[in-house]
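One-letter residues, chain by chain:
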Amino acid sequence: MSTPNCSNPGSLPFLLTGIPGLEGLHVWISIPFCLTYLVTLLGNGLVLLTVRLDKGLHEPMFYFIAMLAAIDLIFSTAVVPKMLGVFWWDSREISFEACFTQMFFIHTFTAVESGVLLAMSLDRYVAICNPLRYSSILTGSRAAQMGLLCLARGAGVMTPLMCLLTSLSYCRARVIPHSYCEHMAVVELACGDPTATDLYSLTVATLLVGMDSVFITFSYAMILRSVMRLPSQEARLKALRTCGSHVSIILIFYIGGLLSMYLQMFSSSLAPHVQVLVADLYLTVPPMLNPLIYGMKVKQVQEGISRLLVGLRGSQAAEDR
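Computed from a prediction, not measured in an experiment: that's the story for all the values here. (Residues numbered from 1 in each chain as written. Predicted model: local features only at pLDDT ≥ 70, side-chain atom pairs only at ≥ 80, totals over all residues. Heavy atoms only, no water.)

## What to know about the confidence of the model for the protein chain
Taken residue by residue, the protein chain gives an average pLDDT of 86. The fraction at 70 or more is 90%. Note on residues 1–9: pLDDT is under 50 here. Beyond four places in sequence and across chains, it has 20 contacts. (pLDDT = per-residue confidence, 0-100. Contact = heavy atoms within 4.5 Å.)

Below, the structure is given as structure tokens:
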């Protein structure tokens with residue numbers, strides 16, 4: 001039996017296929033992804049600018065929303081431009097370094113977003129269950145520290161994973177049947193034994209995303225318990241409305257992530273193009289929906305964006321005169 005033809009890890013690029021079996025439709029498929037990316041840039045950029053300029057939004061809750069917007073911008077930009085390059089210009093080649101850099105950003109900011117969602121659930125827990133102490137427990141500086149902690153945690157646990165992945169040798173047939181450097185598809189190209197990498201990635205996913213989701217569920221169980229004890233139905237509905245947008249984003253993030261992961265794990269029962277399209281949609285749709293959800297459901301953000309747009313329109317009118 002011949003051994004796999006392997007090479008030095010840094011000597012050859014990888015090749016992305018885009019959507020397997022639908023290469024002739026890449027240009028048409030690219031249209032919704034391009035529009036989604038533009039909405040992501042506009043929506044999240046507008047949220048960041050609004051929170052930055054509107055002093056009425058300089059509170060922990062809105063700082064966390066701004067963090068989420070920044071994560072979505074970085075996350076999308078790490079994936080979509082290269083994806084569109086594959087669709088538009090058949091720019092399939094991606095260097096070894098660029099491939100693992102993209103993977104690092106995807107994994108790191110997935111972990112960071114999970115941490116920020118946990119921080120947001122703690123924010124809502126304190127605001128509803130202990131409102132009199134909210135301003136003393138959660139300050140702007142503490143929100144910033146929590147955000148930095150989420151970033152450090154994500155980068156800290158993903159750096160060893162990237163070291164494990166890049167230490168493997170990869171076979172010369174370096175074709176990745178995806179539109180980006182998808183983790184499982186890349187590991188399948190390894191010549192060596194990826195057991196240590198698989199074990200580490202599974203442990204990280206369980207401890208980070210798994211424990212975050214458990215704590216978020218517990219926070220909202222306590223919130224629901226406190227809300228049900230409020231004296232009037234109007235007060236209960238008002239308290240629940242403040243959590244509606246956050247719960248929507250949590251469900252999109254975790255349910256979408258689980259769906260995408262299980263489809264990658266049990267890909268043999270699905271057509272390749274369906275598997276890849278689901279993975280692409282998970283990376284592109286939630287970052288677009290997050291600012292839309294907050295813009296529609298969080299009254300203060302909606303009003304802040306309106307004030308910003310009115311101010312920009314007034315400045316433009318003054319310049320035209």
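Back to the text.
## As for the side chain of glutamine 102
Within the secondary structure layout, glutamine 102 lies in helix α3 (residues 96–129). Here the side chain of glutamine 102 touches cysteine 181 through a polar contact of 2.8 Å, landing on its backbone nitrogen. Excluding anything up to four places from it in sequence, glutamine 102 contacts Ala78, Val79, Lys82, Ile94, Tyr180 and Cys181. (Helix = DSSP H or I, 4+ residues; strand = E, 2+ residues; numbered from the N terminus. Polar contact = N/O pair within 3.5 Å; in protein donor to acceptor, adjacent residues only side chain to side chain.)

## Examining the packing of helix α2 (residues 60–89) against α3
As a packed pair, α2 and α3 sit with axes 10 Å apart at the nearest point and diverge in direction by 160°. With respect to α3, the axis of α2 lies roughly antiparallel. Relative to α3, the crossing made by α2 is left-handed. For the contact of α2 with α3, the per-class residue count stands at 19 nonpolar, two polar and five charged. (Axes fitted to C-alpha atoms, helices over the stretch in contact; angles between N-to-C directions. Parallel < 35°, antiparallel > 145°, perpendicular 65-115°, else oblique. Left-handed = near helix turned anticlockwise from the far one by under 90°. Nonpolar A, V, L, I, M, F, W, Y, C, P; charged D, E, K, R; others polar.)

## With respect to the packing of aromatic side chains
Under the counting rule described, the total for this entry stands at eleven aromatic pairs. Aromatic side chains phenylalanine 14 and phenylalanine 96 sit 6.0 Å apart centroid to centroid with 20° between the ring planes, which places their arrangement in the stacked category. Linking phenylalanine 14 in strand β2 (residues 14–16) with phenylalanine 96 in helix α3, this pair joins segments that are 82 residues apart in sequence. Measuring from ring centre to ring centre gives 6.1 Å for phenylalanine 104 and phenylalanine 105, while their planes differ by 80°; the resulting arrangement is edge-to-face. With relative accessibility at 22%, the residue phenylalanine 104 sits in the partly exposed group. (Phe/Tyr/Trp six-rings, centres within 6.5 Å; stacked < 30°, edge-to-face > 60°. Buried < 20%, exposed > 50% of the residue type's maximum accessible area, 1.4 Å probe, protein only.)

## A look at the state of the cysteines
Under the definition given, this model contains one disulfide. Free cysteine cysteine 163: the closest other cysteine sulfur is in cysteine 99, separated by 15 Å. Judged by relative accessible area, which is 47%, cysteine 163 ranks as partly exposed. Here cysteine 243 stays free of any disulfide, with the sulfur of cysteine 129 as its closest cysteine sulfur at 8.8 Å. In this structure cysteine 243 comes out as buried when scored by relative accessible area, which is 4%. (Disulfide = S-S within 2.5 Å.)

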